[in-house]
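One letter stands for each residue in the lines below.
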Number of protein chains: 2
Amino acid sequence: MAERGRYGRDEVAEILDAGLIAHVGVDTPDGPLVLPMAYARDEENLYLHGALANHLLNSGEGTEICVTVTHLDGLVMARTPFHNSMNYRCVVVRGRAYRVEEAAAKERALKLVTDHIVAIWDTSRPPSAEDFRATLVLQLPLLEASAKVRAGDPVDDAEDMAGDWWAGVVPLTTRFELPTSAADLTEGIPTPTAVANLAHRTPDTRHSS
Amino acid sequence: MAERGRYGRDEVAEILDAGLIAHVGVDTPDGPLVLPMAYARDEENLYLHGALANHLLNSGEGTEICVTVTHLDGLVMARTPFHNSMNYRCVVVRGRAYRVEEAAAKERALKLVTDHIVAIWDTSRPPSAEDFRATLVLQLPLLEASAKVRAGDPVDDAEDMAGDWWAGVVPLTTRFELPTSAADLTEGIPTPTAVANLAHRTPDTRHSS
């Protein structure tokens, strides 16, 4: 049978940690706008960053926004397309987003957003004052966060099971391939261990050793 | 060098056809709401469907909505995290969504949404009048649709290239695994060819023979 339902704080954290991008929705004078963005979280907040001029972040600052992170785990095919579904893990965070101004808090948030993908902040070129100045960081409290998960087989009506229609699941897997060095990389600079370790992993397991 | 930019009608169609789910944003009294949904398109419209009681579709009917489809193709790692990026293909469609009422148009839209994932409408249990009654379909014109694509290497500043920091790309690939029949499937019912053919393919190539 399928399990589908809402989950608590631990599932929210787990799903957010496994994700690479969020789809961020804001209201604009032209209606809602949804764009993909990098993100990170700590125990209290979710963080988004972009250029100072970023239209989405500027529209979202000080207003209600919605940040949605979805993992698609499989296609769920029932005897009837009207019962088709997807297996997925999804977190929706809603609330008012605020700009992070304080220097230490902003640096911490930017390190979190970088290392959320892969921990390379400490092995990259150290940030400059100009880097920080040119970057806008928003924080969104994790108070209104809910997780929804669907897993398992399709659920058909009894009368449909009597028929000879197929039903099942097609799993989906996302993996990192081998890293390719930039064409302009100086010869002999090694790939950081954290990056090399991604190869053949899934986003879900990228942080586990 | 990286290519990043906006593209036209063909790229919009190609990116929408490769996608499995969209992130749909609507305005609600509690602020924006963004949820993942199945979708399909024809030459003029994008289609969304759900149960009659679907909160998102009911909030979006007759109002401005935003439908965003994103493919994440790779992590782009620069010498400085402030130039990190992602390689992606993204389509954003904005506009007013309308309910599809006319029976033939509604059936056509529901077949499109089903077969967009994998063409199994014709080999599944034929729809009943109740199936149609219980399903809400919205259409969104593809007039305000834009595609954005980022591909290729990171772009660093000249002074950073002098340093010994690594830069490159970590590609991401999503594949369908072998289908698993439902535990309650009657013995001997074969997997439909269209479903069996998905195995080891990527969403991008699922419709090509």
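Use the structure listed above.
The following paragraphs examine the structure supplied in this document. (Residues numbered from 1 in each chain as written. Chains lettered and ligands numbered in written order. Predicted model: local features only at pLDDT ≥ 70, side-chain atom pairs only at ≥ 80, totals over all residues. Heavy atoms only, no water.)

Topic: the relation of the copies chain B and chain A
When chain B is fitted onto chain A, the two copies agree to an RMSD of 0.0 Å after a turn of 180 degrees and an axial shift of 0.0 Å. What the superposition gives is, in effect, a two-fold axis relating one chain to the other. Identified as the residue of chain B closest to the rotation axis by C-alpha distance is T174 of chain B, at 2.0 Å. Comparing interface residues between copies, 100% of those in chain B also lie at the interface in chain A; the contact surface is shared. (Least-squares fit on C-alpha atoms with pLDDT ≥ 70 in both. Contact = heavy atoms within 4.5 Å.)

Some details on the environment of A162 of chain B
All names here are of chain B. With respect to the helices and strands, A162 occurs in the loop between α5 (158–161) and β11 (168–176). Take A162: its relative accessible area is 71%, and that puts it in the exposed class. Separated by 83 residues in sequence, A162 and R79 place their C-alpha atoms 9.9 Å apart. (Helix = DSSP H or I, 4+ residues; strand = E, 2+ residues; numbered from the N terminus. Buried < 20%, exposed > 50% of the residue type's maximum accessible area, 1.4 Å probe, protein only.)

Comments concerning the environment of F132 of chain B
Residue and element names in this part refer to chain B. Among the structural elements, F132 can be located in helix α4 (residues 129–133). Residue F132 is classed as buried on the basis of its relative accessible area, which comes to 17%. Each C-alpha atom of the pair F132 and K106 lies 7.9 Å from the other, and the pair is 26 residues apart in sequence.

Some words on the interface of chain B and chain A
Counting from both sides, the interface comprises 80 residues of chain B and, opposite them, 80 residues of chain A. Buried area between chain B and chain A, both sides added, is near 6,700 Å², and the carbon and sulfur share of it is 65%. When the buried surface of chain B facing chain A is broken down by residue, F82, R125 and W166 of chain B rank first, second and third, together holding 12% of it. There are 4 salt bridges connecting chain B and chain A. D160 of chain A is paired through a salt bridge with R125 of chain B; the nearest N and O atoms lie 2.8 Å apart. At the junction of chain B with chain A, the criterion picks out 35 residue pairs in polar contact (both at pLDDT 80 or more). Here the element with the most residues in the side of chain B that touches chain A is β11 of chain B; it accounts for 9 residues. Its residues placed into classes, the side of chain B that touches chain A shows 47 nonpolar, 20 polar and 13 charged. Of the strand pairs in this sheet, strand β12 (residues 180–181) of chain A and β11 of chain B are connected by 2 bridges, and their pairing is antiparallel. (Buried area = accessible area lost by both parts, 1.4 Å probe. Salt bridge = Lys/Arg side-chain N within 4 Å of Asp/Glu carboxyl O. Polar contact = N/O pair within 3.5 Å; in protein donor to acceptor, adjacent residues only side chain to side chain. Nonpolar A, V, L, I, M, F, W, Y, C, P; charged D, E, K, R; others polar. Pairing = 2+ DSSP bridges.)

What to know about unusual backbone geometry
Residue and element names in this part refer to chain A. The backbone of H200 shows a phi angle near 70 degrees, a positive value even though the residue is not glycine. Its location among the elements puts H200 in the segment after α6 (193–196). Judged by relative accessible area, H200 falls into the exposed class, the value being 51%.

A short note on the sheet that holds strand β4 (residues 39–41) of chain A
Residues and elements named next belong to chain A. The sheet built from 4 strands is open, its strands ordered β4-β5-β9-β8 with antiparallel pairing. Each edge of the open sheet carries a strand with a single partner, namely β4 and β8 (98–99). The pairing of strand β5 (residues 45–51) with strand β9 (residues 135–141) spans 7 bridges and is antiparallel. By the bridge assignment, Y47 is partnered in β9 with Q139. In the packing of helix α1 (residues 9–18) onto the sheet, the strands contacted are β4 and β5, and the crossing angle to β4 comes to about 145 degrees. (Axes fitted to C-alpha atoms, helices over the stretch in contact; angles between N-to-C directions.)

Digging into the side chain of T114 of chain B
Within the secondary structure layout, T114 of chain B lies in helix α3 (residues 103–117). With a relative accessible area of 11%, T114 of chain B lands in the buried category. Discounting residues that sit within four places of it in the chain, T114 of chain B has contacts with P81 and N84 of chain A together with I120 and W121 of chain B.

Here's the deal with the sheet that holds strand β4 (residues 39–41) of chain B
Residue and element names in this part refer to chain B. Taking strand neighbours across the sheet as the criterion, the 4 strands line up as β4-β5-β9-β8 in an open arrangement whose pairing is antiparallel. Where the open sheet ends on each side, the last strands, each with one partner, are β4 and β8 (98–99). Of the strands in this sheet, β4 and β5 (45–51) touch helix α1 (residues 9–18), which is tilted by about 145 degrees from β4.

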